[in-house]
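Now for the letters of each chain:
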Amino acid sequence: MQVYLDHNATTPVDPRVLEAMLPYYRDKYGNASTLYALGREARVAIDNARERIAELIHASPQEIYFTSGGTESDNTALKGVAFANRERGNHLITSQIEHSAVLDTCRYLENHGFEVTYLPVDRFGKVSTEALLKAITDRTLLISIMHANNEIGTIQPIKEMGAIARERKIYFHTDTVQTFGKLPIDVKQMNIDLLSVSAHKIYGPKGIGALYVRKGVKMDPLLHGGEQERKRRAGTENVPAIVGFGKAVELAKKQMEEETRHLTKLRDQLFEGIQAKVDGITLNGHPTDRLPGTLNISVRHVKGEALLLQLDRKGIFISTGSACASGSIEPSHVLLALGLPEAEARNSLRFSLGRENTEEDIAYVLTVFPEVVKKLREVSALT
Ligand code: PLP
């Protein structure tokens, strides 16, 4: 049996998405910048996908720019706004638990004359609006706070933060890679100026994403060259991927409520089952304000990596934190920011559930997991 429980890292491409993409590799291969029928066909397909993405976040299609994914969107938003608005200030505010696509970009900007405040979080992973208010100075030009965290799933009070930023005429960016298509987002109501999304977290293809930029925001492009994406992102468009992204968004929109119920139910079954069968389990992240499919726990006396490898042998695929940080043996920066001692942070693992998971999957995990923990604890007691 194979049970995939790492949907926050990536998701399988939905067969309906793949089907929508294939003609754009085989027959409809035109360059969208050309004027003949084959090119116009590609242009129409891109515009349709753009409309679907805009609709889901209540933006206008002219405010959506296709990128190669969440990483590029985050980089473009932060560097693009920082460098284009230097006369307004040199201070940025973000949180300690952002994805590395934001944190490393902030560090890059620090090396180029900008100052960055990294807001702490409470033990559930929440950023406080009071702390945000205190951090603002008259040199602050951009605030970037993620909607929900990829490791622990904690959801931030984005609407309140957007209002704080707008009132002070500070740009507000949010990384919604983990929430887009899963939680309702309204860029107008939430006062969002820039927003990053990625297709491969919502059953779309890898290597395609988008950046929403509110009309009127001053931003430099990251890539220079052709006139694609209204000169904000040069390079021939990846038409099949864009079409797949559009289809994935259409499906996510239709299934959002149903999927939230499904994921919450399975996630709670999994957590309750684990707690009933294994002692020394603690939840990392917010108990309620959390992504429906995310469960991050610490398991006393057991290293997350050891658990991951043992579960892998049984066909269960999970993660010990951010997939992008795997390969490194450093404990997760997110768990450390919650205040977890290093040992407890190393004893953590993340289950992230998805559309195709079933109650049988959960039942299988609940038979395998206690056995594996028992075995590993025996070994660790011996050593
Ligand atoms: N931001 C968050 C919160 C993520 O979870 C990820 C991916 O794990 C990214 C950004 C990067 O997105 P992409 O893989 O599309 O570059």
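Residues numbered from 1 in each chain as written. Predicted model: local features only at pLDDT ≥ 70, side-chain atom pairs only at ≥ 80, totals over all residues. Heavy atoms only, no water.

A. Quick peek at the site of the ligand. As a structural note, the neighbourhood of the ligand is formed by 14 residues, with Gly70, Thr71, Asp175, Ser198 and Lys201 the closest of them. At 2.6 Å, a side-chain N or O of Thr71 approaches an oxygen atom of the ligand. The separation between an oxygen atom of the ligand and a polar side-chain atom of Lys201 is 2.6 Å. About the coverage of the ligand: the protein hides 90% of its 390 Å² of free accessible area. (Near = heavy atom within 4 Å. Polar contact = N/O pair within 3.5 Å; in protein donor to acceptor, adjacent residues only side chain to side chain. Areas by Shrake-Rupley, 256 points an atom, 1.4 Å probe, with all protein chains shown as cover.)

B. Here's a closer look at the pairing of strand β12 (residues 348-352). Within β12, five of the five residues are buried, which leaves it mostly tucked inside the rest of the structure. In β12, alternate side chains face the same way, and those of Ser348, Arg350 and Ser352 on one face and Leu349 and Phe351 on the other are all buried. (Buried < 20%, exposed > 50% of the residue type's maximum accessible area, 1.4 Å probe, protein only. Helix = DSSP H or I, 4+ residues; strand = E, 2+ residues; numbered from the N terminus.)

C. Here's a closer look at the packing of aromatic side chains. This model, assessed by the stated rule, comprises four aromatic pairs. For the ring pair Phe66 and Phe245, a centre distance of 6.3 Å and an interplane angle of 70° mean the geometry is edge-to-face. Taken together, the residues span a long stretch of sequence, with Phe66 in strand β2 (residues 64-67) and Phe245 in helix α8 (residues 239-277) at a distance of 179 residues. Arranged with centres 6.0 Å apart and planes meeting at 65°, the rings of Phe351 and Phe369 form a pair that is edge-to-face. Here Phe351, found in strand β12, pairs with Phe369, found in helix α12 (residues 359-382); they are 18 residues apart in sequence, far enough to count as distant. We classify Phe351 as buried; its relative accessible area is 0%. Relative accessible area serves as the criterion here: at 0%, Phe369 is assigned to the buried category. (Phe/Tyr/Trp six-rings, centres within 6.5 Å; stacked < 30°, edge-to-face > 60°.)

D. The arrangement of the domain arrangement of the protein in detail. On domain assignment, one finds that the protein holds domain 1 (3-9 + 255-382) and domain 2 (15-251). Listed per partner, the contact involves 30 residues of domain 1 and 31 residues of domain 2. Across the domain 1/domain 2 interface, buried area totals approximately 2,500 Å², and carbon plus sulfur atoms make up 54% of it. When the buried surface of domain 1 facing domain 2 is broken down by residue, Met256, Leu291 and Arg355 rank first, second and third, together holding 24% of it. Counting the contacts that link domain 1 with domain 2 gives one salt bridge. Between the two partners, domain 1 and domain 2, sit 16 residue pairs in polar contact (both at pLDDT 80 or more). Among the secondary structure elements, those contributing two or more residues to the side of domain 1 that touches domain 2 are α8, β10 (294-299) and α10 (333-337). Split by residue class, the side of domain 1 that touches domain 2 holds ten nonpolar, 14 polar and six charged. (Domains from an automatic or database assignment. Contact = heavy atoms within 4.5 Å. Buried area = accessible area lost by both parts, 1.4 Å probe. Salt bridge = Lys/Arg side-chain N within 4 Å of Asp/Glu carboxyl O. Nonpolar A, V, L, I, M, F, W, Y, C, P; charged D, E, K, R; others polar.)

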